[in-house]
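# Understanding the architecture of this molecule
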Amino acid sequence: MLIATCVLPAFTVAVEWRGIDRHGLFWAVVGRTPGSLAGVWLVATADPEVIAGGVGAMVLVAVALSVREVRVRIRRRSLLAAGLVSGFTGTATSIGGPPVALLYQHESASRIRGTLGAYFLVSALMSLGMLAAGGELHADEAAAGLWLMPFVVVGFLVGRPLCRVVDAGRMRTALLAVVTVSGAVLLVQSVLG
């Protein structure tokens, strides 16, 4: 999934580059580095179902807190913490977006798309590099990721016209929905094993 994940944010950055919060992106990536290293260690040592269940539960708790209007300010510390958790969960499960997405949920749609697109692109490349260096990225997994890329491109092209609809005050709701589905998918994967 991480290989296919590189395509979508590259297109998003090409379209939404003006909205990127460069300062926030920098600190989130700094935080992600040790989190990704810990994620590689977890992939090498832990049961995938346990990883998925733990991360899924954590994501759903964060969404529940967000719905209750717990708001975390975007500061260096919160960006470092979100990057750290994101690096850990993203490298271990390929779902690392929720911590940073939840941090940016109250920003403008363009800022969310631009910043998250840039963050996801850097993050996916970082995780792939660390997994490969740790011997946890195999040829069959790389081939499966490459096979999925055309579907991601089609999804981007089909979904792009929806940006105007989502920009009309619906970005936070859409973001929380995607994050919730991500957490639920991880929980289901952990149960079905």
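Residues numbered from 1 in each chain as written. Predicted model: local features only at pLDDT ≥ 70, side-chain atom pairs only at ≥ 80, totals over all residues. Heavy atoms only, no water.

## A look at helix H10 (residues 171-192)
Just so we agree on the cut-off: Every helix listed is a DSSP run of H or I at least four residues long, and every strand listed is a run of E at least two residues long, numbered separately from the N terminus. Here the expected length of a helix is defined as 1.5 Å per residue gap, with one fewer gap than residues. Only protein chains enter the area calculation, which uses a 1.4 Å probe; residues under 20% of their type maximum are buried, those over 50% are exposed, and those in between are partly exposed. Throughout, the arc means the angular range of directions from the helix axis out to the C-beta atoms. Residue contacts follow a heavy-atom distance rule, with two residues in contact if any of their heavy atoms lie within 4.5 Å.
Across its 22 residues, H10 extends 31 Å between first and last C-alpha, which sits within 8% of the 32 Å expected from 1.5 Å per residue. By the burial criterion, the buried members of H10 are Met171, Leu175, Leu176, Val179, Ser182, Gly183, Leu186 and Ser190. Viewed end-on, H10 has its buried residues packed into an arc of 135°, placing them on one side of the element. Exposed positions of H10 whose direction lies more than 90 degrees from the buried face are Thr173, Val181, Val191 and Leu192. The inward-facing, buried residues of H10 contact helix H4 (48-67), helix H5 (76-93), helix H6 (97-103), helix H7 (109-133) and helix H9 (163-167). Phi for Gly193, located one or two positions after H10, is positive at around 50°.

## Let's talk about the UniProt feature "transmembrane region" (unreviewed entry) in the chain
Convention followed: UniProt positions are given in the numbering used here, feature names are shortened, and annotations may be inferred rather than shown by experiment.
UniProt's entry tags residues 24-43, 50-67, 116-133, 145-162 and 174-192 with the feature "transmembrane region" (unreviewed entry), counted in the numbering of this structure. When the span residues 116-133 is considered, its composition is 100% helix and 0% strand, and the gap between its end C-alpha atoms is 25 Å. With 83% helix and 0% strand, residues 145-162 has its two end C-alpha atoms placed 25 Å apart.

## Remarks on a nonpolar patch on the surface
For the record, the criterion: Excluding any residue in a salt bridge, patches collect residues exceeding 30% relative accessible area, merging like charges within 9 Å and nonpolar Val, Leu, Ile, Met, Phe, Trp and Tyr side chains within 5 Å. Accessible surface area values rest on a Shrake-Rupley calculation with a 1.4 Å probe, where residue burial reflects the displayed protein chains alone. Basic side-chain nitrogens of Lys or Arg form a salt bridge, by our definition, when they fall within 4 Å of a carboxyl oxygen of Asp or Glu.
Where nonpolar side chains cluster on the molecular surface, the patch consists of Met58, Leu84 and Val85 and spans about 220 Å² of accessible area. Its location among the elements puts Leu84 in helix H5. Judged by relative accessible area, Leu84 falls into the partly exposed class, the value being 39%.

## Observations concerning the environment of Cys6
Tracing the backbone shows Cys6 in the loop between helix H1 (2-5) and helix H2 (7-16). Look at Cys6 and you get buried, because its relative accessible area is 12%. Sequence-distant contacts of Cys6, that is, excluding residues within four places in its chain, are made with Leu121, Ala124, Leu125 and Leu128.

## Things to note about the environment of Phe151
Here Phe151 is to be found in helix H8 (residues 139-159). A C-alpha to C-alpha distance of 29 Å links Phe151 and Ala82, two positions 69 residues apart in sequence.

## What about a positive patch on the surface?
How we decide: Only four residue types enter the tally: Lys and Arg on the positive side, Asp and Glu on the negative side; His and the chain ends are excluded. The atoms used to mark charge sites are NZ of Lys, CZ of Arg, CG of Asp and CD of Glu.
Positive charge collects at one region of the surface, where Arg71, Arg73, Arg75 and Arg77 lie side by side. Mapped onto the fold, Arg75 is located in the loop between H4 and H5.

## Brief notes about the packing of H2 against H7
Counted only if it meets this: Here an angle of 0 to 180 degrees is reported between the N-to-C directions of two axes, which are lines fitted to C-alpha atoms, with helices fitted over the stretch in contact. Here is the rule for angles: anything less than 35 degrees is roughly parallel, anything more than 145 is roughly antiparallel, 65 through 115 is roughly perpendicular, and the remaining ranges are oblique. Crossings are sorted by hand: turned counterclockwise from the far helix by less than a right angle, the near helix makes the crossing left-handed, and turned clockwise it makes it right-handed. Under the convention adopted here, Pro, Cys and the residues Ala, Val, Leu, Ile, Met, Phe, Trp and Tyr are nonpolar, Asp, Glu, Lys and Arg are charged, and Gly plus all remaining residues are polar.
Where H2 meets H7, the closest approach of the two axes is 8 Å, and the angle between their N-to-C directions is 140°. One element, H2, and the other, H7, form an angle in the oblique class. As for how H2 packs across H7, the hand of that crossing is left-handed. Mapping the contact onto sequence places Pro9, Ala10, Thr12, Val13 and Glu16 in H2 and Ser110, Arg113, Gly114, Gly117, Ala118, Phe120 and Leu121 in H7. In terms of residue class, the contact of H2 with H7 is built from six nonpolar, four polar and two charged.

## Examining the packing of aromatic side chains
Just so we agree on the cut-off: For Phe, Tyr and Trp, rings pair up if their centres lie within 6.5 Å, where Trp contributes its six-membered ring, and each pair is then called stacked (planes under 30 degrees apart), edge-to-face (over 60) or tilted (otherwise).
By the definition in use, this model includes four aromatic pairs. Judged by centre distance (4.9 Å) and plane angle (85°), the ring pair of Phe26 and Trp27 falls under edge-to-face.

## Regarding the side chain of Thr91
What counts here: For this analysis, a polar contact is any N or O atom pair within 3.5 Å, provided that within protein one partner can donate a hydrogen and the other can accept it, and provided that sequence-adjacent residues contribute only side-chain to side-chain pairs.
Relative to the helices and strands, Thr91 is located in helix H5. Accessibility expressed as a relative area gives 4% for Thr91, which makes it buried. For Thr91, the side chain forms a polar contact with the side chain of Ser36, separated by 3.3 Å. Non-local contacts of Thr91, meaning those with residues more than four positions away in its chain, are made with Arg32, Ser36, Gly39, Val40, Val43, Ser86, Ser127 and Leu131.

## Description of the pattern of salt bridges
Within this structure, the stated rule accounts for four salt bridges. Notably, a salt bridge pairs Arg113 with Glu16, separated by 2.9 Å at the nearest N-O pair. Taken as a pair, Arg113 in helix H7 and Glu16 in helix H2 lie far apart in primary sequence, 97 residues in all. Looking at Glu16, the relative accessible area reads 7%, which means it is buried.

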